[in-house]
Amino acid sequence: MSIQIHPIKAFNDNYIWTLINKNNKQAIVIDPGQAEPVANYMKDQGLELTSIWTTHHHFDHVGGVMELQEYFPMTHIVAHSEHGVEEDQTIKSGSSVSAWGHTAQVWDIAGHTASHMAYILDIDGRKHCFCGDTLFSGGCGRVFTGTIEQLYDSFRHLNELPDDTLLYPAHEYTANNLRFALSIEPDNTAIQQALNDAETKTAQGIPTLPVTLEHERAVNVFLRTGEPSVIAGVEAKMTLDDHSPLAVFAALRTLKDNF
């Protein structure tokens, strides 16, 4: 049995990633900020929602949880104790979650928030990482209740995953992130091509996600903080106290905040 993974669009640019078991017509959703798109998709596809997983507490990720529990009373809620929902399974870093016999490891990827979790699901030998708002294609999340040091450490941790890991961020921010990346590395042909592809897909309403970790290493400046081209691109815009990867990462986040 192989799990199908489908994005349900919510709000302006959210993706509610949905795991589907076609054998038994069951589904798991991750970060349902809105209930209606999920309920409609379940009805249209003849699916039963059996579980909800959350990555962090922001409303656009958990706002639909209670309403979905009303629609699907047997839904099993998987969340950290600080995610603001009444969870059935409380997770923390090192926990594991099951999806029809497949195991998802739970990682702490704090920074965007202090209790941000990722789910690393292994399906037929390939890893699928649901990383919420910590890592986006071409970028990273803003720092709210976490710290820049935590966010940097989370990126280092995620960068330890295998090259072919598929990353499933929760927002369609790809084109804008790549425009920023190109402002830092204007001669990076991988970024140029990725931006062209992203703009084409976005114009057609096609998700740019998921992406592989190998792809992100080529285009995501937040994973490229040791590259001379990235350091030079930052220094062209602001003064760096030092060239440590953390200092470059923090400077990039400051520049992106004002991009």
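What comes next concerns the included structure. (Residues numbered from 1 in each chain as written. Predicted model: local features only at pLDDT ≥ 70, side-chain atom pairs only at ≥ 80, totals over all residues. Heavy atoms only, no water.)

### Examining the overall build of the protein
Helix and strand counts for the protein come out as nine helices and 14 strands. Taking 259 residues into account, the globule formula puts the C-alpha radius of gyration at 18 Å, and the protein, at 18 Å, falls close to it. For the protein, the spread of C-alpha atoms along the principal axes amounts to about 55 × 35 × 35 Å. Counting over 259 residues, the protein shows a buried share of 53%. Nonlocal contacts in the protein, meaning residues at least 24 apart in sequence, comprise 58% of its contacts between residues at least 6 apart. A total of about 11200 Å² of accessible surface is found on the protein, and carbon and sulfur atoms cover 47% of it. (Helix = DSSP H or I, 4+ residues; strand = E, 2+ residues; numbered from the N terminus. Rg over C-alpha atoms; globule rule 2.2 N^0.38 Å. Buried < 20%, exposed > 50% of the residue type's maximum accessible area, 1.4 Å probe, protein only. Contact = heavy atoms within 4.5 Å. Areas by Shrake-Rupley, 256 points an atom, 1.4 Å probe, with all protein chains shown as cover.)

### Quick notes on the packing of helix α4 (residues 148–158) against helix α9 (residues 245–257)
How two helices sit against one another is set out by the angle between their axes and by the gap between those axes. At a minimum axis separation of 10 Å, α4 and α9 run at an interaxial angle of 110°. When the interaxial angle is binned, α4 and α9 end up roughly perpendicular. The chirality of how α4 crosses α9 is right-handed. Between α4, through Ile148, Glu149, Leu151, Tyr152 and Phe155, and α9, the contact on the second element is made entirely by Pro245, Leu246, Phe249, Ala250 and Arg253. (Axes fitted to C-alpha atoms, helices over the stretch in contact; angles between N-to-C directions. Parallel < 35°, antiparallel > 145°, perpendicular 65-115°, else oblique. Left-handed = near helix turned anticlockwise from the far one by under 90°.)

### Overview of the pairing of strand β7 (residues 96–99)
Covered by surrounding structure in β7 are Val97 and Ala99 only, the residues Ser96 and Ser98 on the alternate face being uncovered. Sheet topology note: the β7/strand β8 (residues 102–108) ladder contains four bridges and is antiparallel. Within β8, the position partnered with Ser98 by the bridge is Thr103. In textbook terms, the turn of a hairpin is the stretch between consecutive antiparallel strands, and for β7 and β8 this stretch comprises two residues, one of which, Trp100, has a positive phi near 55°. (Pairing = 2+ DSSP bridges.)

### Quick look at the nonpolar core
Core analysis: the biggest nonpolar cluster contains 60 residues, and Trp53, Tyr119 and Leu252 have the highest contact counts within it. If you tally residues by element for this core, the top one is strand β9 (residues 117–123), at six residues. The contact partners of Tyr119, leaving out residues within four places of it in the chain, are Trp53, Thr54, Thr55, Val78, Ile91, Val97, Ala104, Gln105, Val106, His128, Cys129 and Phe130. With 20 residues, the next largest nonpolar core counts Ala27, Ala35, Val65 and Phe72 among its residues. (Core = buried A, V, L, I, M, F, W, Y, C linked by side-chain atoms within 4.5 Å.)

### Quick word on unusual backbone geometry
Cis rather than trans, the peptide bond between Leu209 and Pro210 has omega equal to 0°. Along the polypeptide, Pro210 turns up in the loop between α6 (189–203) and β14 (211–212). Positive phi is not limited to glycine here, since Asp31 has a value of about 60°. The phi dihedral of Asp124 falls on the positive side, at around 55°, and the residue is not glycine. One can find Asp124 in the loop between β9 and β10 (126–132).

### Structural notes on the packing of helix α8 (residues 228–235) against α9
For the pair α8 and α9, the least separation of the axes is 10 Å and the interaxial angle reads 50°. Compared by their axis directions, α8 and α9 come out oblique. Crossing of α8 against α9: the hand is left-handed. Residues Val230, Ile231 and Val234 of α8 lie in contact with α9, whose contacting residues are Val248, Ala251, Leu252 and Leu255. Counted by class, the contact of α8 with α9 contains seven nonpolar, no polar and no charged residues. (Nonpolar A, V, L, I, M, F, W, Y, C, P; charged D, E, K, R; others polar.)

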